[in-house]
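Commentary on secondary and tertiary structure
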Amino acid sequence: MADEPLVLGIETSCDETGVGIVRGTTLLADAVASSVNDHARFGGVVPEIASRAHLEAMVPTIRRALDTAGVKAADLDGIAVTAGPGLAGALLVGVSAAKAYAWALDKPLYGVNHLASHICVDQLEHGRLPSPTMALLVSGGHSSLLLSEDITTDVRPLGATIDDAAGEAFDKVARVLGLGFPGGPIVDRTAREGDPKAIHFPRGLSGKNDPAFDFSFSGLKTAVARWVEAKRRAGEPVPVADVAASFQEAVTDVLTRKAVKACRENGVDHLMIGGGVAANSRLREMAQQRCDRAGIRLRVPRPGLCTDNGAMVAALGAEMVWRDRAPSSLDLSADSSLPVTDVHVPAAHLEHGHFHDQAYDALGGGEA
Ligand code: KG4
Ligand code: ZN
């Protein structure tokens, strides 16, 4: 294996333009430009606004990351980029930028999966992931339990949400309570003033005959909306902090219980939690308590590395280089629904040894 590689990672799957630079498992720069304020008045991310903001932020954010890291683009060992899943137009900006830099600098390109990146980012904080690692991935678009032996090659889903993602539920409940967007951080803060036992909200898919590792948050969201609506109709004040705390308790209870069970049933003694919702203070606290009781080692990155950023993409890219995985070809496409099992998009359709020729052909062929 090579020395610890220097890799730049670009993330543009949603509303954050993230550019990170890592050397192996060491974080050197994590530059993020967010368009979140441009979306707030719409109550959700507007794809066209996000794409335009990525385009404007891309070059300055790359420059800022290089300056912070104190490295030259020419010294990079590779360029990694989120190839999916995410918003198609937003992804396209990042993928196009990564291809342009890889081409101009003559560096290998690694199109990687956003979800595997959310897992791999923990290497920047707690060192290389053990094999196997159980990952609870909870973001605005996904909620899954994933088992991985090697984060550069295999991610096996054990279960996932059958309706809303955990982060989506936070965002919708925040809207019902009139707390603003994005909801997760505000619900988290508001819940600190409330009683998590004030209201018992339903725990989705927690019955004996329900699938053990799938999640459902849509019923919970509806239950919260109905409860709040009933209060308002009765002309009574809504105890916002109690609702936030009780809702958050229901989400974290289900997430942590299922994650610990997944570890136990698969004989895995390391649990990693990643994605934006992993920034949640109650989830972190409850996960720690339950893992301690079950003798499981818990790994959760600091909150700033849980939400979308470029460092996570660089972290997975660096691991790809370090483990000598094949780069992507320069005709890499963004795939808005890239399956979680596709950790990276190698030049799989190209014959071994003909990577460069065929990549050039593909570019010349038009559809880049
Ligand atoms: O991973 P992420 O930044 O973007 C996606 O890949 O989706 O996750 C964003 C989600 C949003 O739904 C946001 O409300 C939620 O993560 N989130 C939180 C917290 N911080 C962000 N949810 C609960 N508590 C938080 N502190
Ligand atoms: Zn994400």
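Residues numbered from 1 in each chain as written. Chains lettered and ligands numbered in written order. Predicted model: local features only at pLDDT ≥ 70, side-chain atom pairs only at ≥ 80, totals over all residues. Heavy atoms only, no water.

Turning to helix α9 (residues 240-265), a few remarks are in order. The end-to-end C-alpha distance of α9 is 38 Å, a good match for the 38 Å that 26 residues give at a rise of 1.5 Å each. Here α9 lies mainly inside the structure; 20 of its 26 residues are buried. (Helix = DSSP H or I, 4+ residues; strand = E, 2+ residues; numbered from the N terminus. Expected span 1.5 Å × (residues − 1). Buried < 20%, exposed > 50% of the residue type's maximum accessible area, 1.4 Å probe, protein only.)

Ordered by their spatial adjacency, 5 strands build an open sheet running β3-β2-β1-β4-β5, and the pairing between neighbours is mixed. In this open sheet, the two strands that pair with only one neighbour each are β3 (26-34) and β5 (109-113). Strand-to-strand twist in this sheet, taken as the mean axis angle between neighbours without regard to direction, amounts to 20°. The pairing of strand β1 (residues 6-11) with strand β2 (residues 16-23) spans 6 bridges and is antiparallel. Paired with Leu8 across the strands is Ile21, a residue of β2. Packing against the sheet, helix α2 (residues 47-69) makes contact with β1, β2 and β3, and its axis sits at approximately 155° to β3. This element, helix α12 (residues 311-322), spans β1, β2, β3, β4 (78-84) and β5 of the sheet and lies at about 135° to β1. (Pairing = 2+ DSSP bridges. Axes fitted to C-alpha atoms, helices over the stretch in contact; angles between N-to-C directions. Contact = heavy atoms within 4.5 Å.)

What follows is about the side chain of Gln123. You can see Gln123 is positioned in helix α5 (residues 123-126). The residues touching Gln123, leaving out its near neighbours within four places in the chain, are Thr25, Arg128, Leu129, Arg299 and Glu319.

Each protein donor to the zinc ion (ligand 2) is listed here as His114 (NE2), His118 (NE2) and Asp308 (OD); together their distances run 2.0 to 2.1 Å. Site description for the zinc ion (ligand 2): donor spacing in sequence, H-x3-H-x189-D. Here His114 is found in helix α4 (residues 114-120), whereas its partner Asp308 is found in the loop between α11 (303-306) and α12, with 194 residues between them in sequence. Across the pair, Asp308 and His114 agree in class, each one buried. (Donors = N, O, S within 2.8 Å, 3.2 Å for Na, K, Ca; no water.)

Segments scoring low in pLDDT should not have their predicted coordinates read at a detailed level. Scored by pLDDT, the protein chain has a mean of 94; 94% of the residues are at 70 or more. Throughout residues 349-368 the model reports pLDDT below 50, and contacts reaching past four residues in sequence, or to other chains, amount to 19 contacts. (pLDDT = per-residue confidence, 0-100.)

Before going further, it helps to examine the sheet that holds strand β7 (residues 143-150). If you trace the 5 strands from one edge of the open sheet to the other, you get β8-β7-β6-β9-β10, paired in mixed fashion. At either end of the open sheet lies a strand with only one pairing partner, and these are β8 (154-160) and β10 (297-299). Within this sheet the neighbouring strands show an average axis-to-axis angle of 25°, counted without direction. Note that strand β9 (residues 270-274) and β10 share 3 bridges and pair parallel. Opposite His270, over in β10, you have Arg297 as the bridge partner. Where helix α10 (residues 281-294) meets the sheet, it contacts β6 (133-138), β9 and β10, and its direction lies at approximately 160° from that of β10.

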